Amino acid sequence: MQIEFTAFGFKYGILTEADIVFDVRCLENPFYISALRDKTGEDKEVRDYIMSFPETDEVLKRISDYLEYTIPLYEKKGKERLIVAFGCTGGQHRSVTCAYVLREYFAARYPHIRMAMRDMDRNQKDIAGK
(Lines give C-alpha, C1' and ligand atoms only; values in the text may rest on other atoms or scores of the structure.)
Protein backbone atom coordinates (compact mmCIF):
# COMPACT_ATOMS: atom_id res chain seq x y z
CA MET A 1 0.00 0.00 0.00
CA GLN A 2 1.16 3.51 -0.77
CA ILE A 3 0.88 5.93 2.15
CA GLU A 4 0.96 9.67 1.62
CA PHE A 5 1.42 12.12 4.47
CA THR A 6 0.09 15.49 3.34
CA ALA A 7 0.29 18.88 5.05
CA PHE A 8 -2.37 21.50 4.36
CA GLY A 9 -3.72 24.76 5.71
CA PHE A 10 -7.29 24.91 7.01
CA LYS A 11 -7.54 28.53 5.86
CA TYR A 12 -7.45 27.18 2.28
CA GLY A 13 -10.04 24.48 2.94
CA ILE A 14 -9.87 20.91 4.15
CA LEU A 15 -8.05 18.29 2.09
CA THR A 16 -11.11 16.53 0.69
CA GLU A 17 -9.23 13.57 -0.81
CA ALA A 18 -7.75 12.60 2.57
CA ASP A 19 -8.71 9.31 4.18
CA ILE A 20 -7.66 10.49 7.65
CA VAL A 21 -7.31 14.12 8.81
CA PHE A 22 -5.51 15.28 11.94
CA ASP A 23 -5.92 18.86 13.15
CA VAL A 24 -2.60 19.94 14.69
CA ARG A 25 -3.54 23.56 15.38
CA CYS A 26 -3.39 22.66 19.08
CA LEU A 27 0.43 22.67 18.86
CA GLU A 28 2.61 25.75 19.40
CA ASN A 29 2.65 27.96 16.31
CA PRO A 30 6.05 29.19 15.03
CA PHE A 31 4.25 31.82 12.95
CA TYR A 32 4.33 34.07 16.02
CA ILE A 33 8.14 33.83 16.29
CA SER A 34 9.50 36.44 13.86
CA ALA A 35 12.68 34.45 13.10
CA LEU A 36 10.56 31.40 12.13
CA ARG A 37 7.57 33.03 10.42
CA ASP A 38 8.99 32.87 6.87
CA LYS A 39 10.47 29.41 7.31
CA THR A 40 8.61 26.11 6.98
CA GLY A 41 8.42 22.74 8.67
CA GLU A 42 11.08 21.62 6.20
CA ASP A 43 13.54 23.85 8.09
CA LYS A 44 15.31 22.30 11.07
CA GLU A 45 14.79 25.41 13.22
CA VAL A 46 11.02 25.16 12.82
CA ARG A 47 10.93 21.43 13.48
CA ASP A 48 13.17 21.87 16.53
CA TYR A 49 10.87 24.59 17.90
CA ILE A 50 7.69 22.56 17.40
CA MET A 51 9.28 19.37 18.74
CA SER A 52 10.63 21.17 21.84
CA PHE A 53 7.21 21.03 23.51
CA PRO A 54 6.18 17.85 25.37
CA GLU A 55 2.65 18.21 23.98
CA THR A 56 4.00 17.70 20.47
CA ASP A 57 5.61 14.40 21.46
CA GLU A 58 2.39 13.25 23.07
CA VAL A 59 0.21 14.24 20.10
CA LEU A 60 2.55 12.50 17.64
CA LYS A 61 2.72 9.39 19.84
CA ARG A 62 -1.07 9.16 19.94
CA ILE A 63 -1.33 9.71 16.19
CA SER A 64 1.35 7.09 15.48
CA ASP A 65 -0.39 4.61 17.82
CA TYR A 66 -3.64 5.18 15.94
CA LEU A 67 -1.97 4.74 12.56
CA GLU A 68 -0.06 1.63 13.68
CA TYR A 69 -3.39 0.07 14.54
CA THR A 70 -5.43 1.26 11.53
CA ILE A 71 -2.95 0.98 8.63
CA PRO A 72 -3.05 -2.85 8.75
CA LEU A 73 -6.85 -2.68 8.83
CA TYR A 74 -6.85 -0.59 5.65
CA GLU A 75 -4.40 -3.05 4.08
CA LYS A 76 -6.63 -5.97 5.07
CA LYS A 77 -9.52 -4.28 3.27
CA GLY A 78 -7.38 -4.08 0.12
CA LYS A 79 -6.84 -0.33 0.13
CA GLU A 80 -3.98 0.50 -2.23
CA ARG A 81 -3.46 4.15 -1.27
CA LEU A 82 -3.96 5.88 2.07
CA ILE A 83 -3.80 9.66 2.40
CA VAL A 84 -3.11 10.86 5.94
CA ALA A 85 -3.47 14.64 6.19
CA PHE A 86 -2.22 17.06 8.83
CA GLY A 87 -3.81 20.48 8.95
CA CYS A 88 -2.70 23.66 10.65
CA THR A 89 -3.69 27.24 9.94
CA GLY A 90 -1.61 27.93 6.83
CA GLY A 91 -0.06 24.56 6.03
CA GLN A 92 3.49 25.80 6.46
CA HIS A 93 4.81 25.00 9.94
CA ARG A 94 3.02 22.55 12.25
CA SER A 95 1.35 20.36 9.65
CA VAL A 96 4.57 20.05 7.64
CA THR A 97 6.56 19.14 10.75
CA CYS A 98 4.05 16.47 11.77
CA ALA A 99 3.91 14.99 8.27
CA TYR A 100 7.71 14.99 8.07
CA VAL A 101 8.22 13.35 11.49
CA LEU A 102 5.60 10.66 10.95
CA ARG A 103 6.79 9.92 7.43
CA GLU A 104 10.24 9.27 8.87
CA TYR A 105 8.77 7.11 11.63
CA PHE A 106 6.73 4.89 9.29
CA ALA A 107 9.25 4.76 6.42
CA ALA A 108 11.13 1.81 7.97
CA ARG A 109 8.02 -0.40 7.82
CA TYR A 110 6.26 0.92 4.75
CA PRO A 111 8.54 1.38 1.74
CA HIS A 112 5.95 3.21 -0.37
CA ILE A 113 5.61 6.42 1.62
CA ARG A 114 5.57 9.87 0.17
CA MET A 115 4.99 13.35 1.47
CA ALA A 116 3.16 16.31 -0.03
CA MET A 117 2.56 19.91 1.00
CA ARG A 118 -0.60 21.24 -0.58
CA ASP A 119 -0.47 24.87 0.54
CA MET A 120 3.12 25.74 1.33
CA ASP A 121 3.76 27.68 -1.90
CA ARG A 122 0.40 29.45 -1.62
CA ASN A 123 1.15 30.46 1.96
CA GLN A 124 4.61 31.77 1.05
CA LYS A 125 2.95 34.07 -1.51
CA ASP A 126 0.51 35.32 1.15
CA ILE A 127 3.41 36.13 3.49
CA ALA A 128 5.33 37.94 0.76
CA GLY A 129 2.20 39.94 -0.11
CA LYS A 130 2.01 38.71 -3.68
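Residues numbered from 1 in each chain as written. Predicted model: local features only at pLDDT ≥ 70, side-chain atom pairs only at ≥ 80, totals over all residues. Heavy atoms only, no water.

Draft legend 1. Spotlight on the nonpolar core. Counting 24 residues, the largest nonpolar core has Phe 5, Leu 67, Val 84, Phe 86 and Phe 106 as its most contacted members. Of all elements in the fold, only strand S1 (2–9), strand S2 (20–23), helix H3 (54–76), strand S3 (81–88), helix H4 (94–107) and strand S4 (113–117) reach the threshold of two or more residues within this core. A total of 5 residues in this core trace back to one element, the largest contributor, which is H4. With 5 residues, the next largest nonpolar core counts Phe 8, Ala 18, Ile 83 and Ala 85 among its residues. (Core = buried A, V, L, I, M, F, W, Y, C linked by side-chain atoms within 4.5 Å. Buried < 20%, exposed > 50% of the residue type's maximum accessible area, 1.4 Å probe, protein only. Helix = DSSP H or I, 4+ residues; strand = E, 2+ residues; numbered from the N terminus.)

Draft legend 2. Expanded view of H3. The terminal C-alpha atoms of H3, which comprises 23 residues, lie 34 Å apart, in line with the 33 Å expected from a rise of 1.5 Å per residue. The largest bend in H3 is about 25°, located at Glu 68, with the proline Pro 72 one to four residues further on. Within H3 the residues assigned to the buried category are Thr 56, Leu 60, Ile 63, Ser 64, Leu 67, Thr 70 and Ile 71. One or two positions beyond H3, positive phi appears at Gly 78, with a value near 90°. (Expected span 1.5 Å × (residues − 1). Bend = angle between axes of the 7 residues up to and from the residue.)

Draft legend 3. Layout of the packing of H3 against H4. Interaxial distance between H3 and H4 falls to 11 Å at its minimum, and their mutual angle equals 50°. As summarised for this structure, H3 and H4 are arranged oblique, according to the angle between their axes. For the crossing formed where H3 meets H4, the hand is right-handed. Side by side, H3 and H4 meet where Leu 60, Ile 63, Ser 64, Leu 67, Glu 68 and Ile 71 of the first sit next to Cys 98, Val 101, Leu 102, Tyr 105 and Phe 106 of the second. Its residues assigned to classes, the contact of H3 with H4 comprises 9 nonpolar, 1 polar and 1 charged. (Axes fitted to C-alpha atoms, helices over the stretch in contact; angles between N-to-C directions. Parallel < 35°, antiparallel > 145°, perpendicular 65-115°, else oblique. Left-handed = near helix turned anticlockwise from the far one by under 90°. Contact = heavy atoms within 4.5 Å. Nonpolar A, V, L, I, M, F, W, Y, C, P; charged D, E, K, R; others polar.)

Draft legend 4. Quick peek at the sheet that holds S2. Strand order in the open sheet formed by 4 strands is S2-S3-S1-S4, and the pairing between neighbours is parallel. Each end of this open sheet is capped by a strand with a single partner; those strands are S2 and S4. Across the sheet, the axes of successive neighbouring strands diverge by a mean angle of 20°, strand direction being ignored. By the bridge criterion, 4 bridges tie S2 to S3 in an arrangement that is parallel. In the strand pairing of S3, Phe 22 is matched with Phe 86. Contacting S1, S2 and S3, H3 runs over the sheet at an angle of about 175° to S2. (Pairing = 2+ DSSP bridges.)

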